[in-house]
Amino acid sequence: MSKTPTRVFFLASEADPFVKVGGLGDVAGSLPRALNRLVDDNSLKQVDIRLAIPFHNSISQTRYSLKKVASFSVPHASGPLAAEAYLTSLGGMPVYLIAGAPITSANSVYSSDWGFDAHKYIFFSLACLELARHLNWAPDILHANDWHTAAAVYQLYLNRGADPFFAKTATILGIHNLPYLGTAGSIPLGAFGLPPAADPRLPDWARHLPLPLGLLGADQLVPVSPTYADEILTPEFGSGLEGFLLTRKETITGILNGIDLEQWNPVSDLYLPTNFTLGEFELRKANKIALQHELGLAVNHQGLPIPLLAMITRMDYQKGVDIALAGLEQLVRDSRTNKIPWQAIILGTGLPELEEATRDFELRHPDRLRAVLRFDAPLSHRIYGGADALLMPSRYEPCGLAQMIAMRYGCVPVACATGGLRDTIIDPGDEAAGTGFLFSLPSQESMVNALRRTLQAYSSPERWQAIQLRGMQQDYSWEKSAHQYFELYRSLLN
Ligand code: ADP
């Protein structure tokens, strides 16, 4: 087998710590670095990986050392569009920030103007290919993610046969969120010279949208959990593409995401008032009390601790914020549960109507809920490190990182058994061997049943702590997944 490291070009719309909106940012900030660390038995590097993200306006110009490494253009129907690439690094891995008018004229990473976003991300996707050519660095693998970078995959699918530079480049498309297809991508795709697909397996409506075209063109598709890989083949989760995806079943491999164990480490987390370890788990209590003080919540009820539930989430129907509110409302109203004390914190930002509903709940039940409607990374750490349980009533969840982070911090997940939530949370029912609580349907009733079980378990401190400690001992490191990706790269190259 060749000794030269596999060259991988990893494209994403966001990557922590440069810019992060959601889990994709976590993944793109940590998976490439985990791959970059892989070495063989002789300590030789196995992957030469480079990451490219758009140079969003929100990325600090001064925080990173940046070197302009290329100026080039991307062909467009209105005339060539100028692009520039700036090189920086992340833990020794080269990172390119790509600038150009479609990117720098945007106010946010994602907007509600789909046509604008499509133009921006197709420009970015094609600029990445031009950059590789400009640097004379032909990747063995182009690893794109979601609709934002799917156009790069499709461009190679259409043209690499006649393009000696990319002739040997294999393509992977990571599926982090299938329903986001790149709506309104049709006109920009055409303007960038990418025609609709002719393949009859794709439904008509999908033949001119970035994600379906990437799904058609990629050599390998990687949904971010094994369960999600199965789910997207069904009408319920397939976004109308399930029939097409079934024709590609042999090229679909689910690989679970990991979390960055350095960034998310209760032993050394600088945002936590009190660090704690498995061995000194009692210390964690101070974080809960600090959080309750910070948010103006009572610490005890009749001398006993009060279960503190939390959500940290994008405010979107996918995440079931409405289901959580309805479930909590039922706990308050139902005479069987309305005497049970509990508190909740919801940290999130997104759809105005869901933010409004959360704020409204807080106004009606100020002793129960705190609504913190913003993106606040430091507070998210304090919640993971202090709250008792994390609610994730997701309607679908390709992988989900929040539940893994929560478990690492001794915060018990209570989640709908879908996608990666099902693959990462162990709930053996009444047996005392679980790491969390799963419920089968994204419904108020199903969630309330799980909340009752959760509160019941909480009332037995020994049982509760055993669940917390088991969660903390799970291995959600990236190393396992990085090896799986590496094997996949190798299989494609062979
Ligand atoms: P998704 O990618 O679908 O948004 P994930 O669970 O995979 O969901 O990842 C969400 C990530 O974003 C987690 O790291 C979570 O802590 C973080 N996050 C979400 N909302 C907020 C917020 N309002 N403030 C801080 N962090 C947040």
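Look up: the structure comes first, before these words.
Overview of the structure. (Residues numbered from 1 in each chain as written. Predicted model: local features only at pLDDT ≥ 70, side-chain atom pairs only at ≥ 80, totals over all residues. Heavy atoms only, no water.)

**Notes on the nonpolar core**
Thinking step 1. Of all hydrophobic cores here, the largest spans 135 residues; its most connected members are Phe-9, Leu-215 and Leu-245.
Thinking step 2. Considering every element that reaches this core, the biggest residue donor is helix α3 (residues 114-134), with eleven residues.
Thinking step 3. If we ignore the near neighbours within four places in the chain, the residues touching Leu-245 are Leu-178, Leu-215, Leu-221, Ile-232, Leu-233 and Ile-252.
Thinking step 4. Core analysis: the second largest hydrophobic core is formed by 32 residues, Leu-309, Val-321, Tyr-458 and Trp-464 among them. (Core = buried A, V, L, I, M, F, W, Y, C linked by side-chain atoms within 4.5 Å. Buried < 20%, exposed > 50% of the residue type's maximum accessible area, 1.4 Å probe, protein only. Helix = DSSP H or I, 4+ residues; strand = E, 2+ residues; numbered from the N terminus. Contact = heavy atoms within 4.5 Å.)

**Points about the site of the ligand**
Thinking step 1. Inspection of the region around the ligand gives 20 residues, with Gly-23, Arg-314, Lys-319, Arg-374 and Tyr-384 positioned closest.
Thinking step 2. Here Arg-314 contributes a side-chain N or O atom positioned 2.7 Å from an oxygen atom of the ligand.
Thinking step 3. At 3.2 Å from an oxygen atom of the ligand is found a main-chain nitrogen or oxygen belonging to Ala-402.
Thinking step 4. Computed on the free molecule, the ligand has an accessible area of 560 Å², of which 93% lies beneath the protein chains in the complex.
Thinking step 5. Those elements that provide at least two residues to the shell around the ligand are α1 (23-36), β11 (308-315), β12 (343-350), α12 (377-384) and α13 (402-408).
Thinking step 6. Grouping the amino acids of the shell around the ligand by side-chain chemistry returns eight nonpolar, six polar and six charged. (Near = heavy atom within 4 Å. Polar contact = N/O pair within 3.5 Å; in protein donor to acceptor, adjacent residues only side chain to side chain. Areas by Shrake-Rupley, 256 points an atom, 1.4 Å probe, with all protein chains shown as cover. Nonpolar A, V, L, I, M, F, W, Y, C, P; charged D, E, K, R; others polar.)

**Quick look at the pattern of salt bridges**
Thinking step 1. Counting across every chain of the model gives 22 salt bridges.
Thinking step 2. The partner of Arg-359 in a salt bridge is Glu-356, and the shortest N-O contact between them spans 3.2 Å. Pair noted here: Arg-359 and Glu-356 are both in helix α11 (residues 352-364), with a separation of three residues, about one helical turn.
Thinking step 3. One salt bridge in this structure joins Asp-427 and Arg-453, with 2.8 Å as the shortest N-O distance. Taken together, the residues span a long stretch of sequence, with Asp-427 in the loop between α14 (419-424) and β16 (437-439) and Arg-453 in helix α15 (residues 444-458) at a distance of 26 residues.
Thinking step 4. We classify Arg-453 as partly exposed; its relative accessible area is 27%.
Thinking step 5. Sharing partners across several salt bridges, the network here consists of Glu-329, Arg-333, Asp-360 and Arg-364. (Salt bridge = Lys/Arg side-chain N within 4 Å of Asp/Glu carboxyl O.)

**Describing the side chain of Ser-225**
Thinking step 1. Counting through the fold element by element, Ser-225 comes out in the loop between β8 (220-223) and α7 (226-231).
Thinking step 2. Classification of Ser-225 by relative accessible area gives buried; the value is 0%.
Thinking step 3. In this structure the side chain of Ser-225 is engaged in a polar contact, spanning 3.3 Å, whose partner is the backbone nitrogen of Gly-420.

**Description of the sheet that holds strand β15 (residues 412-416)**
Through backbone hydrogen bonds, the strands of a sheet pair up, either in parallel or in antiparallel fashion.
Thinking step 1. Ordered by their spatial adjacency, six strands build an open sheet running β13-β12-β11-β14-β15-β16, and the pairing between neighbours is parallel. Looking at the sheet topology across the chains shown, the edges are occupied by β13 (369-372) and β16. Sheet twist, expressed as the mean angle between neighbouring strand axes with direction ignored, is 20°.
Thinking step 2. Pairing geometry for β15 and β16, over three bridges, is parallel. Its bridge partner being in β16, Cys-416 is matched across the sheet by Phe-439.
Thinking step 3. Contacts from α15 reach β11, β14 (389-392), β15 and β16 within the one sheet, and its direction differs from that of β16 by about 160°. (Pairing = 2+ DSSP bridges. Axes fitted to C-alpha atoms, helices over the stretch in contact; angles between N-to-C directions.)

**Considering helix α4 (residues 150-159)**
Note on helix geometry: an α-helix contains 3.6 residues per turn, so any two residues three or four positions apart are oriented the same way.
Thinking step 1. Among the ten residues in α4, seven count as buried, and that is most of the element.
Thinking step 2. Buried within α4 are the following residues: Ala-150, Ala-151, Ala-152, Val-153, Tyr-154, Gln-155 and Leu-156.

**A few points about the sheet that holds strand β1 (residues 6-11)**
Thinking step 1. If you trace the eight strands from one edge of the open sheet to the other, you get β3-β4-β5-β2-β1-β6-β7-β8, paired in mixed fashion. The open sheet is flanked by β3 (67-74) and β8, the only strands paired with a single partner. For this sheet, the mean inter-axis angle between neighbouring strands, taken without regard to orientation, is 25°.
Thinking step 2. With four bridges connecting them, strand β2 (residues 47-54) and strand β5 (residues 93-99) associate as parallel partners. Note on β5: the bridge partner recorded for Leu-51 is Val-95.

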